[in-house]
Amino acid sequence: MPNEENTLEAIYRRAGFRIRRCHQIAVSIFLDECKEFELTTTQFGLMMAIHQTPGIDQINLSRVIGLDRSTTATVVDRMFRRGLLRRDPNPEDRRKNRISLTDEGERILGKARAAADRAHDRLLAPLAADERDQLLDLLQRILDANNVNTRVPLGLPDRQAGKE
């Protein structure tokens with residue numbers, strides 16, 4: 001008789017496994033809802049962060065969204081080539097560029113928000129409203145307690161990042 005700790009069922013009960021599977025499902029639902037915009041969850045998150053902090057530099061952008069710098073650079077370059085982002089020199093630090101959404105980026109983001117909201121609702125549809133709030137609160141507690149344990153801690157942008 002196999003030891004229960006060595007069964008697939010034991011793996012399926014692990015929080016990390018369940019969180020990863022939920023993430024896979026969330027991404028699939030998002031991609032389905034947002035297919036007409038050809039946006040990934042990462043691109044949507046970056047666009048939301050840039051919209052909230054226009055003129056943010058790439059290093060602060062990576063901190064705000066919790067992505068490593070090389071991934072952020074790759075995604076920003078792809079979105080820049082697609083015409084969704086604009087880079088402008090930062091007069092306060094010539095080594096950095098300020099990143100903003102182009103008019104096309106703002107247009108796509110405006111339309112994609114409703115689709116992203118539908119994806120969020122679809123993911124949480126099996127839960128009652130109070131359970132949704134509870135799940136999100138519990139996940140936030142895990143995130144807050146473990147933010148320092150990741151190689152890319154989530155952080156607020158420098159106050160100077162978006163200033164003109």
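The coordinates are above.
These remarks concern the structure in this document. Only a predicted model underlies this, so the values are computations on that prediction, with no experimental measurement involved.

Cut-offs and rules
Residues numbered from 1 in each chain as written. Predicted model: local features only at pLDDT ≥ 70, side-chain atom pairs only at ≥ 80, totals over all residues. Heavy atoms only, no water. Salt bridge = Lys/Arg side-chain N within 4 Å of Asp/Glu carboxyl O. Helix = DSSP H or I, 4+ residues; strand = E, 2+ residues; numbered from the N terminus. Buried < 20%, exposed > 50% of the residue type's maximum accessible area, 1.4 Å probe, protein only. Polar contact = N/O pair within 3.5 Å; in protein donor to acceptor, adjacent residues only side chain to side chain. Contact = heavy atoms within 4.5 Å. Expected span 1.5 Å × (residues − 1). Arc of directions from axis to C-beta. Axes fitted to C-alpha atoms, helices over the stretch in contact; angles between N-to-C directions. Parallel < 35°, antiparallel > 145°, perpendicular 65-115°, else oblique. Patch = residues over 30% accessible without salt bridge, like charges linked within 9 Å, V, L, I, M, F, W, Y side chains within 5 Å. Areas by Shrake-Rupley, 256 points an atom, 1.4 Å probe, with all protein chains shown as cover. Pairing = 2+ DSSP bridges.

1. Thoughts on the pattern of salt bridges
Applying the stated criterion across every chain yields a total of 10 salt bridges. In this structure, the salt-bridge partner of Arg151 is Asp68, at a minimum N-O distance of 3.9 Å. With Arg151 in the segment after α7 (129-146) and Asp68 in the loop between α4 (58-65) and α5 (69-81), this pair connects stretches of sequence that are 83 residues apart. On the basis of relative accessible area, Arg151 is assigned to the exposed category, the value being 71%. In this structure Asp68 comes out as buried when scored by relative accessible area, which is 18%. The partner of Glu92 in a salt bridge is Arg98, with the nearest N and O atoms 3.9 Å apart. Judged by relative accessible area, Arg98 falls into the buried class, the value being 8%.

2. What to know about the side chain of Ser100
With respect to the helices, strands and loops of the structure, Ser100 is situated in strand β2 (residues 97-101). A polar atom in the side chain of Ser100 sits 3.4 Å from the backbone nitrogen of Gly55. Those residues in contact with Ser100, other than ones at most four positions away along the chain, are Ile50, Pro54, Gly55, Leu84, Leu85 and Arg86.

3. Structural notes on α5
Residues lying three or four places apart along an α-helix face the same way, a consequence of the helix completing one turn every 3.6 residues. Compared with an ideal rise of 1.5 Å per residue, which puts 13 residues at 18 Å, α5 spans 18 Å between its outermost C-alpha atoms and is within 8% of the ideal. What α5 keeps buried is the set Thr72, Val75, Val76 and Met79. Buried residues of α5, viewed axially, fall in a sector of 100 degrees; they line one side. Of the surrounding secondary structure, the elements contacted by the buried residues of α5 are α3 (41-52), α4, β1 (85-89) and β2. The first or second residue beyond α5 is Gly83, which carries a positive phi of 85 degrees.

4. Section: helix α2 (residues 15-33)
Over its 19 residues, α2 runs 27 Å from end to end, which matches the ideal 27 Å to within 8%, given 1.5 Å per residue. Buried residues of α2: Ile29, Phe30 and Glu33, and no others. For α2, the angular spread of the buried residues around the axis is 100 degrees, confining them to a single face. Where the residues of α2 are buried, they touch α3 and α6 (103-124).

5. Description of the packing of α4 against α5
α5 packs onto α4 with a crossing angle of 110 degrees between their chain directions and a minimal axis gap of 9 Å. Comparing the axis directions of α4 and α5 gives the class roughly perpendicular. Touching Gln58, Ile59, Leu61 and Ser62 of α4 are Arg69, Thr72, Ala73 and Val76, all from α5.

6. Let's talk about a nonpolar patch on the surface
A contiguous nonpolar surface patch, about 380 Å² in accessible area, is contributed by Ile19, Leu135, Leu136, Leu139 and Ile142. With four residues, the single largest contributor to the nonpolar patch is α7. Within the element layout of this structure, Leu136 appears in helix α7. A relative accessible area of 37% places Leu136 in the partly exposed class.

7. Section: the pairing of β2
The side chains of a regular strand alternate between the sheet's two faces. Burial within β2 is extensive, with four of its five residues counted as buried. Relative to β2, β1 runs antiparallel, the two being bridged by five bridges. Its bridge partner being in β2, Leu85 is matched across the sheet by Leu101.

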